[in-house]
Amino acid sequence: MSKKSPSRKTAPAADGPGKTLVIAEKPSVAADLAKVLKVPKKGEVFEDDRWVITSAVGHLVELKEPHEINPEWKGWTLKSLPILPPEFDGQLRKGVLRCREERGSSERFHLLKRQLQREDVAAVVNACDAGREGELIFHMITTLAGSRLPERRLWLTSMTPSAIRESFDRLLEPSEKAGLRASSICRSQSDWMVGLNMTRCATKMLGGSKISKESVHPVGRVQTPTLMLIVRREHEIRNFVPRAFWRVEADFRLAAGAYRGAAQVPGVEERKEAERFYDEAQAQAVAAAARALGSGTVSDERKPRKESAPRLFDLTTLQREANRRFGFAAKTTLGAAQALYERHKALTYPRTDSSHLPEDYAATAKEVLASLGSGHAAGAFAREALAQGWVDRAGKRVFDNAKVSDHFAIVPTGTIPDGLSDVEARVYDLVVRRFVAVFFPMAEFEETVRTTQVGPHAFRTTGKVLVVAGWRAVWGQEADAEEDRDKEGAANLPALGPADGAPPVAKVDSVEVRQDATKPPARYNEASLLGAMENAGKLVDDEALAEAMKERGLGTPATRAATIEGLLRQTYIERQGKELVPTAKAFKLEKFLAANELLLLADPQLTGEWEHKLREMERGRLGASDFMREIHATAAQMTGRVKENLDKPLIAEEIDVLSPAGTRMLRDERAYRSAETVVQGKKTVAQVLVYRELGGRPLAEAELAELIAKRRIGPFHDFRSLKSGRNYSGYIKLEEVNGQLKAALDLPPRDGDPDGEPFDPSWPVLGDCPVSGLPVVQTPAAGYRVCPAKAREAGAKKTFSLNGVMLQCPISPDDIRDLLGPKGRTAEKRFVSNRTKRPFNAWLVPDKSRGWWFAFPPRKAKPGKGKPKPDEAE
């Protein structure tokens, strides 16, 4: 907002002359405040002779767009950059709103403005959330409304009635939170400036001359480092070189039963590495010795282990757990938690980064447990926690004011909801069980490490037994304990007994040597990416900056889901099953940042620097004007680098591809060019220009050589639409434009024939259509179809049609002959589902209604599982 905000006086006491207006952040909070203060509803607000209580609905006001500040900034040109407004003004928020209550944002703002301008209102209390965003929301509303009322601050960290009353008795002066408000304004304006300038730079350099939704390359302080986490992980995976190793495993037998052990590499301590022999000869020698010796002495080392219940949920841990257990997207979990908070009143505020409760919340926790005791499936455990007095023993691990930030942990309110959707019910159950479990005693295990010494070779086996279920009983001890045991490679070990001798001896039943290879790191899924964003401060070397990020990481719990969804919507990443995979657009942005020395935007350190300075501002150690002066300089410096590099000639190198003139072609970061030039008006351009990426598909040098020789190559089936994210087919052609040979996509119109070209009688007939009986031919575009003209003549509305590549599987003419001929099906093929991105095996068979369809091989049911459903193909 503008630096010339209306001056404000210190508010009189709430019992002074005139009424006091209270503005909360959300309607539900306003209702809670009114209930505690016993203020009745009066029309659109809660009002009595002392208080007027109402609320915003989150962010009602946003910063103006550049062209609304200065019309000259409407065009996306590098010439207009950097855009550095001397002052900022706000406007009513546009675009998609966050929840149902926000649909009337304009009406809500004008309601607040009318209350601020009432003659009988003498002061206003900021009751928005206790944090940076709450300060910003209140400041932008009152500034746009032109309020000059004196202000006070209600600082709530707990919504219990006693906490609300105490906070109203101790309303803060504006000066006590002046630093926090300044930091909120600076954070908003600095994100606007750096994000806007760098987005326009990246878009002009990468998106082409025409600005569209698909060509925009957004850049942001939070989303770009998040994207680069995914890109760097993809580089690690692509550059990973597997290393073969061998494991030696032996089956041993005791009187009480059998068990398996893994041979240990001498002198290696790390658990996984100790079982990996990188020399096959060494592994085979160990196996041969074990077979020859035939037995080994056994010793057990037992260790008791205790395990505390996991802490209460904050939003990020709830999203990670729901993704791990149910595969829910972060956005889905947030939506369900928000509905459980707003509509069902069953959960506390979900957009929190705290996993603790206030110290005065113990009594409320007992009331919630009592309510759950008769209204939830975990009710028996809730009653047990109350009966045993475990709430009073929870201590700082659960109740700690120092660990409560703007909001406390997500916990049930005690209201038992009904009419929940399946997603809402699952999220609610997670929160309830986590809340009940946190008061339970620790789970107790007995871990056994068994060493079987076969001559000089040690074989290791681990066992784990749950002795006391403790908190795990709330979740279902067997399922979770067994799951964790399996992850750790532990087993139920047969006990040693007198029959095994002293010392005990185990017989070697069999020995096998298994070859394996090291694996690349896993791609991020939403759960692991949320964790990486939360812990991004660990990637920052500077201790002060890392400490500044410790509480926040990249983004906040309230914004991380939106950041991930934004990257998906902007086609920087795509979902493949549960995995998040970067697209070519993401790698283009990475190259742009590197080429222009802007890698700071790809690093969490920028967020660390800003958070450090904003915290210094909150403490009164740094002025807002000093911080914004640095932001102006940073934005100007970054845009200056892009402009400088635009004027620099691209470094080109010769490649082993000849131009039409017989000289070697040149390759730079963007394109292949010929050394020969032609004159176009006042410009001199390369005689041959072929961009290294066309239609979202990289062009290899071998394909470039073929294009120069043939002038048209293809078809290719892996062009990718920026708008839909889907693959499409087409050709690449080299056409002359004003004396220059330039590559372009060749996507013929699809008027009569799906391949965009008239049918030729000489095209080979591969069989008869199962639907119409008409001949199916192979087209030059590697498709298999019935002639549209013949189909129209025969009145056939549905005929056989199949692309040359189906779900990433090539389909050959011989496949079509087998499908339409006496065999009646193709060979078994490997496809990849468009929906799940998972591979599946199937045959293609004739179908009288669709022309062709899938037939699936029988699948073996897993032990203890029901009959599997067939793969879906899309």
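Note that the structure is a prediction, hence the values are computed from the model and not measured.

**Things to note about the overall build of the chain**
In terms of regular secondary structure, the chain is built from 24 helices and 36 strands. By the burial criterion, 47% of the 874 residues in the chain qualify as buried. In the chain, the proportion of contacts linking residues at least 24 apart, taken out of those at least 6 apart, comes to 67%. Accessible surface, the chain as shown: approximately 42300 Å² in total, 50% of it carbon and sulfur.

**Considering the packing of aromatic side chains**
Per the counting criterion, the structure on display carries 21 aromatic pairs. Aromatic side chains Tyr341 and Tyr349 sit 5.5 Å apart centroid to centroid with 75 degrees between the ring planes, which places their arrangement in the edge-to-face category. On the basis of relative accessible area, Tyr341 is assigned to the buried category, the value being 10%. Taking the relative accessible area as the measure of exposure, Tyr349 reaches 12% and is therefore buried. Taken together, the aromatic side chains of Phe831, Phe840, Trp852, Trp853, Phe854 and Phe856 make up a single cluster linked through ring pairs. Stacked on the ring of Phe716, the Lys or Arg Arg697 has its end atom at 4.0 Å from the ring centre. Sitting over the ring of Trp843, Arg825 keeps its end group 3.9 Å from the ring centre.

**Some remarks on helix α8 (residues 280-293)**
With 14 residues, α8 extends 20 Å between its outermost C-alpha atoms, agreeing within 8% with the 20 Å of an ideal straight helix rising 1.5 Å per residue. Among the residues making up α8, those that are buried are Ala283, Val286, Ala287 and Ala290. Taken around the axis of α8, the buried residues stretch over an arc of 95 degrees, which confines them to a single face. Exposed side of α8, more than 90 degrees from the buried face: Ala281 and Ala292 are the residues found there. Just downstream of α8 lies Gly294, where phi reads positive at about 80 degrees.

**Notes on the sheet that holds strand β1 (residues 19-24)**
Taking strand neighbours across the sheet as the criterion, the six strands line up as β2-β3-β4-β1-β7-β8 in an open arrangement whose pairing is mixed. Taken across any chain shown, the strands that pair with only one partner, and hence form the sheet edges, are β2 (41-42) and β8 (151-153). Bridge count for strand β3 (residues 45-47) against strand β4 (residues 51-55) is two bridges, and the pairing is antiparallel. Paired with Glu47 across the bridge in β4 is Val52. Set on the sheet, helix α4 (residues 132-144) makes contact with β1, β7 (121-127) and β8; between it and β7 the angle comes to about 150 degrees.

**A short note on the sheet that holds strand β36 (residues 851-855)**
The strands that make up a sheet are held in pairs by hydrogen bonds between backbone atoms, and each pair lies either parallel or antiparallel. Strands sit in the order β34-β35-β36 across an open sheet of three strands; the sheet is antiparallel. At either margin of the open sheet sits one strand with a lone partner, and together these are β34 (829-832) and β36. Taking the axes of each pair of neighbouring strands and ignoring which way they run, one obtains an average angle of 55 degrees across the sheet. The pairing of β34 with strand β35 (residues 839-847) spans four bridges and is classified as antiparallel. When the sheet's bridge partners are listed, Lys829 is paired in β35 with Ala842.

**Regarding the side chain of Glu47**
Following the sequence through the fold, Glu47 ends up in strand β3. Of the residues examined, Glu47 reaches a relative accessible area of 9% and is grouped as buried. Separated by 2.6 Å, the side chains of Glu47 and Lys19 make a polar contact. Aside from chain neighbours lying at most four places away, what touches Glu47 is Lys19, Val39, Pro40, Lys42, Val52, Arg118 and Asp120.

**Examining the pairing of β35**
Note that β35 and β36 share five bridges and pair antiparallel. Across the sheet, residue Pro846 finds its bridge partner in β36, namely Trp852. The hairpin turn running from β35 into β36, its antiparallel successor, is three residues long.

**Comments concerning the pattern of salt bridges**
Taken as a whole and judged by the stated rule, the model has 60 salt bridges. Among the salt bridges present, the one from Asp191 reaches Arg187, with a minimum N-O distance of 3.1 Å. Placement of the pair is Asp191 and Arg187 together in helix α6 (residues 178-206), with a separation of four residues, close to one helical turn. A salt bridge links Glu706 to Lys710; the shortest N-O distance between them is 3.0 Å. With Glu706 and Lys710 both in helix α22 (residues 701-710) and four residues apart, the pair spans about one turn of that helix. For Lys710, a relative accessible area of 54% corresponds to the exposed category.

**Examining the environment of Leu658**
Mapped onto the elements of the fold, Leu658 is located in strand β17 (residues 653-658). The sequence separation of Leu658 and Ile708 amounts to 50 residues, and the corresponding C-alpha distance is 8.2 Å. When neighbours within four sequence positions are excluded, Leu658 is seen to be in contact with Thr663, Arg664, Met665 and Ile708.

**Structural notes on the confidence of the model for the chain**
Looking at the chain, pLDDT values average 85 and 87% of them are 70 or higher. Below a pLDDT of 50 lies the segment residues 2-15, which in the model reaches 37 contacts outside its immediate sequence neighbourhood of four places, other chains included. Within the model, the stretch residues 749-757 combines pLDDT values under 50 with 16 contacts to residues more than four positions away or in other chains.

**Side note on helix α16 (residues 526-534)**
The element α16 is largely enclosed, with a buried count of seven among its nine residues. Taken residue by residue, α16 has Glu526, Ala527, Leu529, Leu530, Gly531, Ala532 and Met533 as its buried positions. Capping of α16 at its N-terminal end is provided by Asn525; its side-chain oxygen lies 3.1 Å from the backbone amide nitrogen of Ala527.

**A short note on the nonpolar core**
Core analysis: the largest hydrophobic core is formed by 126 residues, its most contacted members being Leu357, Phe399, Phe435 and Phe439. In terms of residue count, the dominant contributor to this core is α6 (eleven residues). Beyond its immediate chain neighbours, meaning those up to four positions away, Phe435 contacts Leu312, Leu357, Ala365, Val368, Leu369, Leu372, Val411 and Pro412. Core analysis: the next-biggest nonpolar cluster, separate from the first, contains 23 residues, Val786, Leu802, Leu819 and Phe831 among them.

**Some remarks on the packing of α6 against helix α19 (residues 584-595)**
Where α6 meets α19, the closest approach of the two axes is 11 Å, and the angle between their N-to-C directions is 110 degrees. Put simply, α6 runs roughly perpendicular to α19. Taken together, the residues of α19 that come into contact with α6 (itself represented by Cys201, Ala202, Met205 and Leu206) are Lys588, Leu589 and Phe592.

**Some details on the packing of α16 against helix α18 (residues 557-569)**
One can describe the packing of α16 onto α18 by two numbers: an axis separation of 11 Å at closest approach and a directional angle of 120 degrees. Judged on the interaxial angle alone, α18 and α16 are oblique. For the crossing formed where α16 meets α18, the hand is right-handed. On α18, the residues touching Glu526, Leu529, Leu530, Met533 and Glu534 of α16 are Arg560, Thr563, Ile564 and Glu565. Grouping the amino acids of the contact of α16 with α18 by side-chain chemistry returns four nonpolar, one polar and four charged.

**Let's talk about the pairing of strand β13 (residues 457-468)**
The sheet contact formed by strand β10 (residues 257-263) and β13 spans two bridges and is antiparallel. Note that in β13 the partner of Ala262 across the bridge is Arg460. Across eleven bridges, strand β12 (residues 443-454) lies against β13 in antiparallel orientation. Within the sheet, the bridge partner assigned to Thr451 lies in β13 and is Arg460. Hairpin connection, β12 to β13: the antiparallel pair is bridged by two residues, and Gly455 has positive phi, about 60 degrees.

**Here's the deal with a nonpolar patch on the surface**
Together, Val465, Val467 and Val468 give the surface a local cluster of nonpolar side chains, amounting to about 230 Å² of exposed area. Here Val465 is to be found in strand β13.

**Topic: the side chain of Thr799**
The residue Thr799 is located in the loop between α23 (788-794) and β31 (801-802) in this model. In this structure Thr799 comes out as buried when scored by relative accessible area, which is 17%. Excluding its chain neighbours within four sequence positions, the residues that come into contact with Thr799 are Cys769, Ser772, Val786 and Ala791.

Reading the values: rules and limits
- Residues numbered from 1 in each chain as written.
- Predicted model: local features only at pLDDT ≥ 70, side-chain atom pairs only at ≥ 80, totals over all residues.
- Heavy atoms only, no water.
- Helix = DSSP H or I, 4+ residues; strand = E, 2+ residues; numbered from the N terminus.
- Buried < 20%, exposed > 50% of the residue type's maximum accessible area, 1.4 Å probe, protein only.
- Contact = heavy atoms within 4.5 Å.
- Areas by Shrake-Rupley, 256 points an atom, 1.4 Å probe, with all protein chains shown as cover.
- Phe/Tyr/Trp six-rings, centres within 6.5 Å; stacked < 30°, edge-to-face > 60°.
- Lys NZ or Arg CZ within 6 Å of the ring centre and 35° of its normal.
- Expected span 1.5 Å × (residues − 1).
- Arc of directions from axis to C-beta.
- Pairing = 2+ DSSP bridges.
- Axes fitted to C-alpha atoms, helices over the stretch in contact; angles between N-to-C directions.
- Polar contact = N/O pair within 3.5 Å; in protein donor to acceptor, adjacent residues only side chain to side chain.
- Salt bridge = Lys/Arg side-chain N within 4 Å of Asp/Glu carboxyl O.
- pLDDT = per-residue confidence, 0-100.
- Core = buried A, V, L, I, M, F, W, Y, C linked by side-chain atoms within 4.5 Å.
- Parallel < 35°, antiparallel > 145°, perpendicular 65-115°, else oblique.
- Left-handed = near helix turned anticlockwise from the far one by under 90°.
- Nonpolar A, V, L, I, M, F, W, Y, C, P; charged D, E, K, R; others polar.
- Patch = residues over 30% accessible without salt bridge, like charges linked within 9 Å, V, L, I, M, F, W, Y side chains within 5 Å.

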